[in-house]
Amino acid sequence: MARVTTGITSSHIPALGAAMQTGKSRDDYWGPVFKGYDPIKEWIAKPENTPDVIVLVYNDHASAFDMNIIPTFAIGCGERFKPADEGWGPRPVPDVIGHPDLAWHIAQSLILDDFDMCIFNQMDVDHGCTVPLSMMFGEPDEWPCKVIPFPVNVVTYPPPSGARCFALGDSIKAAVESFPEDLNVHVWGTGGMSHQLQGPRAGLINKDFDLKFIDMLINDPETLSKMPHIEYLREAGSEGIELVMWLIMRGALGDKVKDLYNFYHIPASNTALGALILQPEETAGEALDPRVVHSGHSLEAAE
Amino acid sequence: MTEKKKERIDIHAYLAEMEDIPGTRVFTAQRARKGYWLNQFAMSLMKEENRERFKADESAYLDEWNLTPAAKQAVLDRDYNAMIDEGGNVYFLSKLFSTDGQSFQKAAGSMTGMSEAEYAQMMINGGRSPEGVRSKKGGY
Ligand SMILES: [Fe+2]
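First, a word on scope: everything that follows refers to the structure included in this document. A quick note: this is a predicted structure, and the numbers were derived from the prediction, not measured.

Some thoughts on the overall build of chain A
What chain A contains, in helices and strands, is 9 helices and 11 strands. Since a compact globule built from 303 residues should have a radius of gyration of about 19 Å, the 17 Å found for chain A is in line with a globular shape. For chain A, the C-alpha atoms occupy an extent of roughly 45 × 45 × 40 Å along the three principal directions. Evaluated residue by residue, chain A yields a buried proportion of 66% over its 303 residues. At a minimum sequence separation of 6, the contacts of chain A that also span at least 24 residues come to 80%. A total accessible area of about 10,600 Å² is found for chain A, and carbon and sulfur atoms account for 49% of it. Mean positive and mean negative side-chain charge positions of chain A (21 and 42 charges, respectively) differ by 4 Å.

Some details on unusual backbone geometry
The omega angle of the peptide bond from G192(A) to M193(A) is -5°, so this bond is cis rather than trans. Counting through the fold element by element, M193(A) comes out in the loop between β8 (184-190) and α6 (207-219). Residue P267(A) is bonded to the preceding I266(A) through a cis peptide linkage, with omega at -15°. Along the chain, the position of P267(A) falls in strand β9 (residues 257-268). In this structure, N66(B) is a non-glycine residue whose phi angle is positive, near 60°.

Remarks on the sheet that holds strand β2 (residues 53-58) of chain A
All names here are of chain A. Within the open sheet, the 7 strands sit side by side as β7-β2-β8-β1-β10-β9-β11. Their pairing is mixed. The open sheet has two free edges, formed respectively by β7 (146-151) and β11 (292-296), since each of these has just one partner strand. Taken pair by pair, the neighbouring strands of this sheet meet at an average axis angle of 15°, ignoring direction. One ladder, built from 5 bridges, connects β9 with β11; its direction is parallel. Within β11, the position partnered with H265 by the bridge is S295. Of the strands in this sheet, β1 (3-10), β7 and β8 touch helix α5 (residues 162-177), which is tilted by about 140° from β1.

Comments concerning the side chain of R250(A)
All names here are of chain A. Inspection of the secondary structure puts R250 in helix α9 (residues 244-251). It turns out R250 is buried and unbridged, and the closest side chain with the opposite charge, D255, is 6.8 Å from it. A distance of 3.3 Å separates the side chain of R250 from the backbone oxygen of I218, its partner in a polar contact.

Calculation criteria
- Residues numbered from 1 in each chain as written.
- Chains lettered and ligands numbered in written order.
- Predicted model: local features only at pLDDT ≥ 70, side-chain atom pairs only at ≥ 80, totals over all residues.
- Heavy atoms only, no water.
- Helix = DSSP H or I, 4+ residues; strand = E, 2+ residues; numbered from the N terminus.
- Rg over C-alpha atoms; globule rule 2.2 N^0.38 Å.
- Buried < 20%, exposed > 50% of the residue type's maximum accessible area, 1.4 Å probe, protein only.
- Contact = heavy atoms within 4.5 Å.
- Areas by Shrake-Rupley, 256 points an atom, 1.4 Å probe, with all protein chains shown as cover.
- Lys, Arg positive; Asp, Glu negative; His and termini not counted.
- Charge placed at Lys NZ, Arg CZ, Asp CG, Glu CD.
- Pairing = 2+ DSSP bridges.
- Axes fitted to C-alpha atoms, helices over the stretch in contact; angles between N-to-C directions.
- Salt bridge = Lys/Arg side-chain N within 4 Å of Asp/Glu carboxyl O.
- Polar contact = N/O pair within 3.5 Å; in protein donor to acceptor, adjacent residues only side chain to side chain.

Structure follows, in structure tokens:
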């Protein structure tokens, strides 16, 4: 039987990919960010932790989907997906190799479970999908696992509600668990945390909101899932709405989770960044040491 | 039907709240419709041959896209606030500033009235506080 063993969250900002490509990942600005990811990279490189398949929840940033088609929840069921050209040429990273059997199984199961999915075969994947892979796996010739791209619309309003995302995660878990093959499946939720990229309010960061969001995501996701969009917008900035996608990941882990690793950093370009490793409590492994790492502005002293 | 009636969100109240955030234009359907051609123009810059044609003659290239005069001028001026007023969305417009070789930080900063250096420093200092910029009506 396939199992969702792990949930991971990660920032997916293009600047992280650019920092790697241009050899800046250890400079004064980016060093603390990449240092914060090092323990995740080490953890996930251990064979027992490397997933067979990742269901990678992200938002397409007007790359595969333009104004012509705006799917709320989509799933990539194809064999492979190419990195998108977002205006500066495609990111120089390997193609994302799908898992059509599991993807179609999830798609069918979700539809039977009242989530009316949009199914894609041919689709380019943008930084939302490939930057988290780079952050976790570095710069390999090919990604060490299969990836099912799972784009969510958080660009054109209204995006799905937090409650709907949380329920979707639960349905993904059920779908994975009814797949007969023995697979270690991760569900990743990407994007966030607080940030705003537009207008005179650009540059908004809300550390208190973000840290509370992480805490509730771990301990009380049900209540968190009821938070209305307007609160994300007011508190976490217009692009902070990406955080609803983390609730899909959380919903796929069941009632109680253990946080193996909990990293938060301000700033990464325009954003606050959060990266977590969560596992269902019953099957959770050892926490990393240190378990909590906060870095960046006003955070040095944290735990 | 004996089932409890579903609690629904009032769409008018929902959309009204979206307009209540200072310095922010949420990408609602109304803006998406207004900016349809501007955003589709920006998308076209995902192809190298289009970027080349655009760079060779911006005005002529823009004339192919059914833009309002204000939207066209905003693009020529690289005035991102004005583009957003015309229904542009930052993720679409990112194809334009990427074509110019600019980063998200530079483009976002250009909309705040701050210099590039001031904006970068604000981010290093922990970013813009939400204090006082959460609600126009509430003033908090
Ligand atoms: Fe994003």
